[in-house]
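Summary of structural features
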Amino acid sequence: MASPIILVAGARPNFVKIAPLLRAFEARSVETLLVHTGQHYDYVMSGVFFEQLSIRQPDAFLKVGSAAHGAQTAAIMTKFEELLETVTAPRGVVVVGDVNSTMAAALVAAKMRVPVAHVEAGLRSHDRSMPEEINRIVTDAVADVLLVSEPDGIENLRVEGAASRARYVGNVMIDTLIAQLPVARALEPNRTYGLRAGEYAVVTLHRPSNVDDAMQLEQLVTFLERLAHEMPVVFPAHPRTKQRLQAAGMVSDAVRMIEPLGYREFLGLVDSARVVVSDSGGIQEETSYLGIPCVTLRSNTERPVTLVQGTNQLAGNNLELAFTLATQRKPRRPATIEGWDGSAADRVADLLAELWN
Ligand code: UD1
């Protein structure tokens, strides 16, 4: 394949961002090469997203799998470098989000002098204990084009002296949400679980800071059981969370722990929830767009627009506060944020098609 734009995806949140980008490039007849690093590999973490979001089969699958951060990052770098050497005159590499695959691919491309664009650039939690924060900083340091999804991103990059590389494009994840919402709503996934719309909590947890510490995890389970006395709690558990809970023998009857859901089922479940309790990055944005109250079990966020304009509230590890926030009844209040409009991927494709001509 000659002169493609290479798109790299590796983990669950990446697939949601890559789907509209691929479509936007295809609509402009720009040749693309889709790389899946294999950071996530289970059907529920990967395959179901390709199916539901109509992402074509990857042109290259690097099969890196799970490992410690250093080993995983190194494996992605080694395999992506080998792949990039075989591509004739690549126009550029597009990486999305803040996972290990994002940083690894950006580093390789930058060293091989292939232009790099980072979609979702400029987000900063200012908390270097988060692996994703390191990934964001490194990726933005080496990328040539920084495509920003929310206003603080522009300010953060200005402070870091990177303003000249930054462009505000909006949020590609919201492109996918807007495209999929009608189907997600029609599914009424809450009915599958016998839940009444507006009457239940959706929980997700997977950050190492919450699930890798046995004491913190135990307190979280106690908190969820308390919440379950107030409203039904449904908890699609990430594989690492499930492993930790099972290893510690913490199985709760009150909380409905289920397998990770497909994109549409999860979106539909969130859309008719009373409240979402989570430590995810993307869910802070999705709930803000939908207007569903979100209690984030972290003490900081790289997505402050969700606090100011959206429905997100930080509880840190204060579970008393989390309980108070999660049980408050709040009216639905969808946020309007610049560039969260369903056309962010079109802006990215227009910009890169011109820049990398
Ligand atoms: C990764 C990202 C995180 C993102 C999250 C979304 C990094 C540093 N972290 O975290 O930013 O929010 O994805 O899910 O890149 N596992 C499976 N099946 C899979 C994938 C993982 O069982 O398909 C299990 C393995 O035991 C693995 C563990 O989950 O060791 C963690 O996976 P990993 O990709 O290292 O990190 P995540 O916690 O998923």
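First things first, this report covers the structure right here in the doc. These numbers come from a predicted model, not from an experiment.

About the cut-offs
Residues numbered from 1 in each chain as written. Predicted model: local features only at pLDDT ≥ 70, side-chain atom pairs only at ≥ 80, totals over all residues. Heavy atoms only, no water. Salt bridge = Lys/Arg side-chain N within 4 Å of Asp/Glu carboxyl O. Buried < 20%, exposed > 50% of the residue type's maximum accessible area, 1.4 Å probe, protein only. Pairing = 2+ DSSP bridges. Helix = DSSP H or I, 4+ residues; strand = E, 2+ residues; numbered from the N terminus. Contact = heavy atoms within 4.5 Å. Axes fitted to C-alpha atoms, helices over the stretch in contact; angles between N-to-C directions.

Re the pattern of salt bridges
Taken as a whole and assessed by the stated rule, the structure comprises 25 salt bridges. Two residues, arginine 56 and aspartate 59, come together in a salt bridge whose shortest N-O distance is 2.7 Å. On the accessibility criterion, aspartate 59 (40% relative accessible area) is partly exposed. One connected set of salt bridges, linked through shared partners, spans Lys17, Asp98, Glu120, Glu133, Arg136, Glu285, Arg298, Glu302 and Arg303.

Describing the sheet that holds strand β1 (residues 5–9)
Ordered by their spatial adjacency, seven strands build an open sheet running β3-β2-β1-β4-β5-β6-β7, and the pairing between neighbours is parallel. Only two strands of the sheet have a single neighbouring strand rather than two, namely β3 (60–61) and β7 (166–168). As defined by bridge partners, strand β5 (residues 116–121) adjoins strand β6 (residues 145–148) across four bridges and the pair is classed as parallel. By the bridge assignment, alanine 117 is partnered in β6 with valine 145. Lying on the sheet, helix α1 (residues 12–27) is in contact with β1, β2 (32–36), β4 (92–96) and β5; it crosses β1 at an angle near 160°.

What about the environment of valine 145?
Its place among the elements puts valine 145 in strand β6. Sequence separation between valine 145 and glycine 268 is 123 residues; the distance between their C-alpha atoms is 34 Å. If sequence neighbours within four positions are ignored, valine 145 has contacts with Val116, Ala117, His118, Arg165, Leu351, Leu352, Leu355 and Trp356.

Section: the sheet that holds strand β8 (residues 201–204)
The six strands lie next to each other as β10-β9-β8-β11-β12-β13, forming an open sheet whose pairing is parallel. Pairing within the sheet leaves two strands with one partner each, and these edge strands are β10 (256–258) and β13 (312–314). Shown here is a sheet whose adjacent strand axes are inclined to one another by a mean of 20°, direction ignored. Across two bridges, β8 lies against strand β9 (residues 233–236) in parallel orientation. Looking across to β9, one finds that valine 202 is bridged to valine 234.

Section: the environment of valine 108
You can see valine 108 is positioned in helix α4 (residues 100–111). Its relative accessible area of 3% is what places valine 108 among the buried residues. When the C-alpha atoms of valine 108 and isoleucine 76 are compared, they prove to be 9.2 Å apart, with 32 residues separating the residues in sequence. Leaving out residues up to four positions away in the same chain, valine 108 has contacts with Met77, Phe80, Glu81 and Leu84.

Function cannot be read off these values alone, since they describe shape.
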